[in-house]
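# Understanding the architecture of this molecule
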Amino acid sequence: MDAVQSILPYILPGVLVTLEISVGAWVVSAALGLVLAVMRDTRKPLITLPASISVEVVRAVPQLVVLYIVFFGLGTLGINLDSLTAAIVGLGISDAVFTAEYYRAGFLTVAPKQRDAGLSLGLKPLQVARYVIIPQTIPFVVPPLLNSFVGLMKSATLASAVGAPEILYGGRNYMETTGHVAPAAVAIMGLYIIATVPLTRAVRSLEKRVQMRTRV
Amino acid sequence: MTGEEVLAVKGLHKSFGATSVLEDIDFSIRRGETVCIVGPSGSGKTTLLRCLNLLVQPTRGQMYFHGDLIGDWPSSAKPRINLTKYRSHVSMVFQQFELFPHLTASDNVSLGPRRVLRLTKKQADERALMLLDRVGLKPFASARPRTLSGGQQQRVAIARALAMSPDVILFDEPTSALDWEMVGEVLDIMADLALQGMTMVVVTHELDFARDCADRVITMDRGRVLEEGRTATMFESPTEPRTREILGLSKAQSRGRKRDQRNIS
Ligand SMILES: Nc1ncnc2c1ncn2[C@@H]1O[C@H](COP(=O)(O)OP(=O)(O)O)[C@@H](O)[C@H]1O
Ligand SMILES: [Mg+2]
């Protein structure tokens, strides 16, 4: 119990930072992923090509490397982001290439004739996306997006590499200050299990509900 | 009874890759006219309507809207007209209704007026209610499409098309996906529209509707126009033997098969 009490001051501020990073990166990922998916959906080479190339490139590069590029690389270009912002942007970009695929799979569930129906009203292609296609994909896209949030909570530990004071960063401080390893490891593991297991289960039951609804 | 030319194509061809789907189509429709297009499955009727609405671009040919040349393929890579604006004047009713499943009946109808015609929400909602009333579905204004019958869904789709105050409505086999007992309720609305002077192109297999409501009938086969003429002429003295078959006039078919359909409604 003493160990727990002595470790909390190190880790609790980190919990907040981890949440900030994962929520922030999630928002970046959801928004950027949508933009990429809509770009790839236009079937105009001038628009789809840049989107496809950036997706392929980012997908090929490890998250930590993307994080370094955003933090150190942009710094050499004179764009200095603090470690928290860099973590949000870097992890968000890494994740967006996967989110884009979720949206794309969602778009495929909408019949092409729905697009015709929207266009034949005189809606512009982006309006068709916004008012006709995207709303219909929401039930299919929400579960994988929530899963990606769980993933980002875990990836947030990478942010310690650029000095963002998240959970792992706090834990390491504790280890270095006290010389004890086990309590920090157990506390961090415990916190992650508490945060992610219920969420993962909730997503799974949501997925089942979506499948049920689409069958009828 | 009919006015100036609304929409016309001359020498229209359409191919998908190496497959030629439409060949040398001449077509025009005047204000207030109802033109029925009849032909076997695969003859290119849907593709013709999609060309007329510029959902696909013709491969060759000229297209005129109110007498103005709006496209000349293949020389004009793009139509000489604002596509979205053009489409808002040319409404479409689909075989499978294609209502937006996430929107209520009323929102299906008001989407175009709000986002394309830029009416206020209140004005668009009022228009939607008025049109749903016109197709007999006011009580279903807040129903989702999947809770409606096929006939009701198609009536909502007609209200959605009308909501744009279009110059012409293109119907693509509007009753083919319906159970027989719902065919009548949709045809009755279309017959009313024809009487009220709406300009309509109707692809259909409902020959009695064509006979009663069309000013002109066009028969199509294998991507070509077989024959066209005034409705009475087409049904009474067509020149092409194939037209007789398509319009159900050949001896084998006329033996009793037809008359029963419309009398049910
Ligand atoms: N997008 C397309 N790509 C390739 N072939 C098509 C396409 N659309 C239609 N076709 C072909 O064109 C022909 C005519 O189809 P369609 O216009 O749907 O005929 P109809 O409506 O008279 O049944 C068919 O052989 C069909 O396979
Ligand atoms: Mg068809």
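Residues numbered from 1 in each chain as written. Chains lettered and ligands numbered in written order. Predicted model: local features only at pLDDT ≥ 70, side-chain atom pairs only at ≥ 80, totals over all residues. Heavy atoms only, no water.

Turning our eyes to something else, we now look at the overall build of chain B. Helix and strand content of chain B: 11 helices and 10 strands. Radius of gyration (C-alpha) of chain B: 18 Å, near the 18 Å computed for a compact globule of 265 residues. Dimensions of chain B, computed from C-alpha atoms along their principal axes, come out at roughly 55 × 50 × 40 Å. By residue count, 55% of the 265 residues in chain B fall in the buried class. In chain B, 64% of the contacts between residues at least 6 apart in sequence involve partners at least 24 apart. Carbon together with sulfur atoms contributes 48% to the accessible area of chain B, which is approximately 11,800 Å² in total. (Helix = DSSP H or I, 4+ residues; strand = E, 2+ residues; numbered from the N terminus. Rg over C-alpha atoms; globule rule 2.2 N^0.38 Å. Buried < 20%, exposed > 50% of the residue type's maximum accessible area, 1.4 Å probe, protein only. Contact = heavy atoms within 4.5 Å. Areas by Shrake-Rupley, 256 points an atom, 1.4 Å probe, with all protein chains shown as cover.)

Attention now goes to the site of ligand 1. All names here are of chain B. Within the structure, ligand 1 sits among Phe16, Val21, Pro40, Ser41, Gly42, Ser43, Gly44, Lys45, Thr46 and Thr47. Backbone polar atom of Gly42 to an oxygen atom of ligand 1: 2.7 Å apart, as the coordinates give it. Measuring from an oxygen atom of ligand 1, one finds a side-chain N or O atom of Lys45 at 2.8 Å. Protein contacts shield 56% of the accessible area of ligand 1, which totals 560 Å² for the unbound molecule. Broken down by element, the residue count for the shell around ligand 1 peaks at 3 residues, all from helix H1 (residues 45-52). Of the residues assigned to the shell around ligand 1, the class counts are 3 nonpolar, 6 polar and 1 charged. (Near = heavy atom within 4 Å. Polar contact = N/O pair within 3.5 Å; in protein donor to acceptor, adjacent residues only side chain to side chain. Nonpolar A, V, L, I, M, F, W, Y, C, P; charged D, E, K, R; others polar.)

For the rest of this paragraph, the subject is the nonpolar core. Residues and elements named next belong to chain B. Ranked by internal contacts, the top residues of the largest apolar core, which has 54 residues, are Leu7 and Phe27. Apart from residues no more than four positions distant in its own chain, Leu7 is found in contact with Phe27, Ser28, Ile29, Leu52, Met63, Tyr64, Phe65, Tyr86 and Val168. By size, the runner-up hydrophobic cluster in this structure holds 48 residues, among which are Leu148, Ala159, Val183 and Ala214. (Core = buried A, V, L, I, M, F, W, Y, C linked by side-chain atoms within 4.5 Å.)

This next bit is on the sheet that holds strand E9 (residues 216-221) of chain B. All names here are of chain B. One open sheet accounts for 6 strands, arranged E6-E7-E8-E3-E9-E10; its pairing is mixed. Edge positions in the open sheet fall to strand E6 (90-93) and strand E10 (224-230), since each of these has one partner strand only. Across the sheet, the mean angle from the axis of one strand to that of its neighbour is 15°, orientation sign disregarded. Those strands touched by helix H6 (residues 180-195) are strand E3 (34-38), strand E7 (168-172) and strand E8 (200-203), and its axis lies near 150° from that of E8. (Pairing = 2+ DSSP bridges. Axes fitted to C-alpha atoms, helices over the stretch in contact; angles between N-to-C directions.)

Turning our attention to the sheet that holds strand E2 (residues 19-30) of chain B. Strand pairing in a sheet relies on backbone hydrogen bonds, with the paired strands running either antiparallel or parallel. All names here are of chain B. Strand order in the open sheet made by the 4 strands is E2-E1-E4-E5, with antiparallel pairing throughout. Two strands close off the open sheet at either side, each with one partner strand: E2 and strand E5 (68-73). When the angles between neighbouring strand axes are averaged without regard to direction, this sheet yields 15°. Of the pairings in the sheet, the one linking strand E1 (residues 5-16) to E2 comprises 8 bridges and is antiparallel in character. Paired with Ser15 across the two strands is Ser20, which belongs to E2. Against the sheet, H1 makes contact with E1, E2 and strand E4 (60-65), and its axis sits at roughly 120° relative to E1, the strand it touches most.

For any two helices packed against each other, the geometry comes down to the angle between their axes and how far apart the axes lie. Residue and element names in this part refer to chain B. The interhelical angle for the contact between helix H5 (residues 150-162) and H6, taken along N-to-C directions, is 20°, at an axis separation of 8 Å. The orientation of H5 relative to H6 falls into the category roughly parallel. Crossing of H5 against H6: the hand is right-handed. Facing H5, whose interface residues are Gly150, Gly151, Gln152, Gln154, Arg155, Ile158 and Leu162, H6 presents Met182, Glu185, Val186, Ile189, Met190 and Leu193. When grouped by side-chain class, the residues that make up the contact of H5 with H6 number 7 nonpolar, 4 polar and 2 charged. (Parallel < 35°, antiparallel > 145°, perpendicular 65-115°, else oblique. Left-handed = near helix turned anticlockwise from the far one by under 90°.)

End to end, H5 of chain B covers 18 Å across 13 residues, agreeing with the expected 18 Å (1.5 Å per residue, within 8%). Of all the 13 residues making up H5 of chain B, 13 are buried; the element is thus mostly covered by neighbouring parts of the structure. (Expected span 1.5 Å × (residues − 1).)

It is worth spelling out the environment of Leu170 of chain B at this point. All names here are of chain B. Along the chain, Leu170 falls in strand E7. Judged by relative accessible area, Leu170 falls into the buried class, the value being 0%. Spatially, the C-alpha atom of Leu170 lies 13 Å from that of Arg31, the residues being 139 residues apart in sequence.

How big an interface is tends to be stated in terms of accessible area lost as the parts join. At the interface, 16 residues of chain A touch 22 residues of chain B. Carbon and sulfur atoms supply 63% of the area that chain A and chain B bury against each other, a total of about 1,800 Å² over both sides. For the chain A face of the interface with chain B, the top three residues by lost area are Ser120, Leu121 and Tyr131 of chain A, together amounting to 35%. Applying the counting criterion to the chain A and chain B interface returns 1 salt bridge. In this structure, Arg50 of chain B engages Asp116 of chain A in a salt bridge whose closest nitrogen and oxygen atoms are separated by 2.3 Å. The tally of links between chain A and chain B comes to 6 residue pairs in polar contact (both at pLDDT 80 or more). For the side of chain A that touches chain B, the secondary structure elements donating two or more residues are helix H5 (112-120) and helix H6 (125-155) of chain A. Of all the elements, H5 of chain A adds the most residues to the side of chain A that touches chain B, at 7 residues. (Buried area = accessible area lost by both parts, 1.4 Å probe. Salt bridge = Lys/Arg side-chain N within 4 Å of Asp/Glu carboxyl O.)

Residues and elements named next belong to chain A. All told, the structure shown has 15 salt bridges over all chains when counted by the stated rule. Here Glu101 ties to Arg104 by a salt bridge, and the two come within 3.8 Å at their closest N and O atoms. On the criterion of helical spacing, the pair formed by Glu101 and Arg104 is a turn pair, its members being 3 residues apart in helix H4 (residues 83-108). Here Glu101 falls in the partly exposed class, since its relative accessible area comes to 26%. Given a relative accessible area of 33%, Arg104 falls into the partly exposed group. Where salt bridges share partners, they join Arg40, Arg59, Glu101 and Arg104 into one cluster.

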